[in-house]
Amino acid sequence: MNERSSKNAVICPEDVRSAAASIRRLVRRTSFQKSFTLSAILGAEIYIKFESEQFTAAFKERGALNKLLSLNDDERRRGVIAMSAGNHAKAVAWHAYKLGIPATIVMPKNTPNVKVEDTRRFGANVVLEGTEFDDSARHARNLAKELDLTMVHPYDDPIVMAGQGTVALEMLEQVPNIDVLVIPVGGGGLISGMACIAKSIKPEIKVVGVQCAKYPAVKNAFDNVTNGNSYNGITIAEGIAVKTPGKFTLDCIERWVDDVITVSEEEIDEAIYAYLNIEKTVAEGAGAVSLAAVMANRQYFAGRCVGLVLSGANIDARILSTILMRNLARSGLIVQ
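Bear in mind that the values here come from a model prediction, so they are computed numbers and not experimental data. (Residues numbered from 1 in each chain as written. Predicted model: local features only at pLDDT ≥ 70, side-chain atom pairs only at ≥ 80, totals over all residues. Heavy atoms only, no water.)

Caption draft 1: Spotlight on empty space enclosed by the protein. Counting across every chain of the model gives two cavities of 30 Å³ or more. The calculated volume of the largest cavity comes to roughly 320 Å³. Phe59, Lys60, Gly186, Gly239 and Ile240 are the residues nearest the centre of the largest cavity, which is lined by 28 residues in total. Of the residues forming the lining of the largest cavity, the biggest block, three residues, is contributed by helix 11 (residues 189-201). By volume, the second largest cavity is sized at about 40 Å³. Surrounding the second largest cavity, Pro112, Ile236, Glu238, Glu284, Gly285, Asn314, Ile315, Asp316 and Ile319 form its lining. (1 Å grid on protein atoms, 1.4 Å probe; cavity = no way out; pocket = protein on both sides within 12 Å on 5 of 7 lines; lining within 4 Å. Points joined across faces, edges and corners; volume = space filled by probe spheres on them. Helix = DSSP H or I, 4+ residues; strand = E, 2+ residues; numbered from the N terminus.)

So, in structure tokens, the structure goes:
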């Protein structure tokens, strides 16, 4: 990593490598496989990192566990609190349970039921508050002060960011010739950690973030758009529907990320269907945006060796069935 990019950075490559050593026995080293069919269709070498193989079916375990392992005995005894639309909630609840740490999770009221029930099943105290992530975040911060709990932030925490960066470390160990990484972006924790370690291993690699068009807060900041509005509507990619990205994560994105693009709801919908139909695997909306970006911008990625992160598979069965029927109809395979 060059002097400019490493100076005063909130995380460094050594933090990511340290996280990898800390968490390796408790999280899965997920597969990173070439999709021959998608490669042929899209005109690029497409490799997919299946973070859906984690026990909680999402990458969030990496950062959450790294944070929990960093707590001292008193912090573990008092317990932790987190705010999340789902995957971070499940990750904190699961690993807190395994480590014997009491956990409280604040979730938006419209969080898919599968994520709420899974979080409760892992033993956490679930509090449903607010209609979107920022509402839940405010309530969680108040509860943290009131109950003297340690906050496990879903993205804007250097220890969490370093844990998430282990995804890229594994990808480049498995396939060193990757030209470009395409990474989902909500608050920016995943792309921050991944970009940090990836640029240190391979400075010429391109790092591209993907946001849903309805919540382009990081895209706006990256492009210096000061009058852009982060739309607070319903999105199929609720896991990355973040209106306010992190201070730490934006700093890392400005240092190491090459581009941030957005994808529409229809493009995300089609990517979920492609994962199901071609790869025979389930992806939630947030987990499918990297593939959506390549499908929608084929010329941008043509001829490159592309690493996609399928970041999660926790999608409500009702939403998945609707997507399946809609795409079958769009393809002319069913008629009404």
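Right, picking up where we left off after that structure.
Caption draft 2: Highlighting the layout of surface pockets. For the largest pocket, the calculated volume is near 440 Å³. Taken together, 20 residues make up the lining of the largest pocket; nearest its centre are Asn110, Ile234, Thr235, Ile236 and Glu238. When contributions to the lining of the largest pocket are tallied by element, the ones reaching two or more residues are helix 14 (265-278) and helix 17 (317-330). Per-class residue counts for the lining of the largest pocket are nine nonpolar, six polar and five charged. Its boundaries defined by the atoms lining it, the second largest pocket holds a volume of some 150 Å³. (Nonpolar A, V, L, I, M, F, W, Y, C, P; charged D, E, K, R; others polar.)

Caption draft 3: Seen up close, the nonpolar core. Ranked by internal contacts, the top residues of the largest apolar core, which has 40 residues, are Ile46, Val182 and Val306. In this structure Val182 touches Val208, Val210, Ser290, Ala293, Val294, Phe301, Val306, Gly307, Leu308 and Val309, once residues within four positions along its chain are discounted. (Core = buried A, V, L, I, M, F, W, Y, C linked by side-chain atoms within 4.5 Å. Buried < 20%, exposed > 50% of the residue type's maximum accessible area, 1.4 Å probe, protein only. Contact = heavy atoms within 4.5 Å.)

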